Amino acid sequence: HQGPLHFFANNYIFLQFSDPVIRVIGEREFLGLYVGAGLLSGIGHCGLCAIQALFRRNGALLTTPGLGASGCVIATAALFVNLFPSIKLQIIFLPFTAIAGKDMINALIGFDIIGGIAGCFSAFNSPLAHGAHLGGALTGLYYYHYRYKKKRRQSRGSGWRSL
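Conventions adopted
Residues numbered from 1 in each chain as written. Predicted model: local features only at pLDDT ≥ 70, side-chain atom pairs only at ≥ 80, totals over all residues. Heavy atoms only, no water. Helix = DSSP H or I, 4+ residues; strand = E, 2+ residues; numbered from the N terminus. Buried < 20%, exposed > 50% of the residue type's maximum accessible area, 1.4 Å probe, protein only. Contact = heavy atoms within 4.5 Å. Pairing = 2+ DSSP bridges. Phe/Tyr/Trp six-rings, centres within 6.5 Å; stacked < 30°, edge-to-face > 60°. Axes fitted to C-alpha atoms, helices over the stretch in contact; angles between N-to-C directions. Parallel < 35°, antiparallel > 145°, perpendicular 65-115°, else oblique. Nonpolar A, V, L, I, M, F, W, Y, C, P; charged D, E, K, R; others polar. Left-handed = near helix turned anticlockwise from the far one by under 90°. Core = buried A, V, L, I, M, F, W, Y, C linked by side-chain atoms within 4.5 Å. Patch = residues over 30% accessible without salt bridge, like charges linked within 9 Å, V, L, I, M, F, W, Y side chains within 5 Å. Areas by Shrake-Rupley, 256 points an atom, 1.4 Å probe, with all protein chains shown as cover. Salt bridge = Lys/Arg side-chain N within 4 Å of Asp/Glu carboxyl O.

Q: Any details on the environment of Phe30? Residues and values, ideally.
A: As for its position among the elements, Phe30 is in helix H2 (residues 27-55). In this structure Phe30 comes out as buried when scored by relative accessible area, which is 8%. Measuring from C-alpha to C-alpha, the distance between Phe30 and Thr76 comes to 8.6 Å, with 46 residues separating the pair along the chain. Those residues in contact with Phe30 that lie beyond four places of it in its chain are Phe14, Ser18, Val21, Ile22, Ile25 and Thr76.

So this is what it looks like as structure tokens:
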């Protein structure tokens, strides 16, 4: 992690969202989501770094160290807000402001897209792994739309965990 605030934020978000997600999809499915998100986040991070190098004048590959942990957390959060679409979230530093969960994830995705594009045209190396965040968000969204919904349709009444 790039610092104590990033580490704290990742752990806080993970603790808030992981338990409800595990209760809905089960431990085995969650482990698959988490590992898959870690792998795809790492690929997203490396891919974005390579794309940014193509656009920089000197072609320098500026890299932000990344393991994919943030992507795992964001995948969990993206799945959470889709499983519980009416949920309102509060930002810890803005305690009196409630934001729709999907709006929060969409804002985070937008922030990471802007950060990724900005990295293409500046020598500034962001302390955030925007590609890892995007890889994680896409993994969580993919899981919800193509695995969870499909499995739920196929198993209505068969005992698979449901809301």
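Q: Quick one: what's the story with the pairing of strand S2 (residues 94-100), residue by residue and with numbers?
A: Judged from the four bridges that link them, strand S1 (residues 88-91) and S2 form a sheet pairing that is antiparallel. Directly across from Lys88, in S2, lies its bridge partner Ala100. In textbook terms, the turn of a hairpin is the stretch between consecutive antiparallel strands, and for S1 and S2 this stretch comprises two residues.

Q: Before we move on, can you summarise the packing of aromatic side chains with the specific residues and values?
A: The full count for this structure, using the stated rule, is eight aromatic pairs. When the ring of Phe80 is compared with that of Phe84, the centres are 5.0 Å apart and the planes differ by 45 degrees; the resulting orientation is tilted. Taking relative accessible area as the criterion, Phe80 reaches 7% and is therefore assigned buried. The rings of Phe14, Phe30 and Tyr34 are connected pair by pair, giving a single aromatic cluster.

Q: Describe the packing of helix H1 (residues 4-25) against H2, listing the residues and the values that go with them.
A: The N-to-C vectors of H1 and H2 enclose an angle of 130 degrees; their axes lie 7 Å apart at closest approach. It follows from the interaxial angle that H1 and H2 lie oblique. In contact with Phe14, Ser18, Val21, Ile22 and Ile25 of H1, H2 contributes Glu27, Glu29, Phe30 and Tyr34. Here the residues of the contact of H1 with H2 are counted per class, giving six nonpolar, one polar and two charged.

Q: Mind laying out the packing of helix H3 (residues 69-83) against helix H4 (residues 101-120), listing which residues take part and the relevant values?
A: At their nearest, the axes of H3 and H4 sit 8 Å apart, and the two run at 145 degrees to each other. Crossing geometry of H3 relative to H4 is assigned as left-handed. For the pair formed by H3 and H4, the contact residues are Ile74, Ala77, Ala78, Val81 and Asn82 on the first element and Gly101, Lys102, Ile105 and Leu108 on the second. Taken together, the residues of the contact of H3 with H4 break down into six nonpolar, two polar and one charged.

Q: Please provide a residue-by-residue account of the nonpolar core, values included.
A: Within the largest apolar cluster, 21 residues are counted, with the highest numbers of intra-cluster contacts made by Val21, Ile25, Leu79, Leu83 and Tyr148. Elements supplying a minimum of two residues to this core: H1, H2, H3, H4 and helix H5 (130-154). With sequence-adjacent residues up to four places away left out, Leu79 is seen in contact with Val21, Ile25, Leu33, Gly140, Tyr143 and Tyr144.

Q: Please provide a residue-by-residue account of a nonpolar patch on the surface, values included.
A: Where nonpolar side chains cluster on the molecular surface, the patch consists of Leu5, Phe8, Tyr12, Ile13, Ile91, Ile92, Phe93 and Leu94 and spans about 740 Å² of accessible area. Of the residues forming the nonpolar patch, the biggest block, four residues, is contributed by H1. Checked against the element boundaries, Phe8 lands in helix H1.

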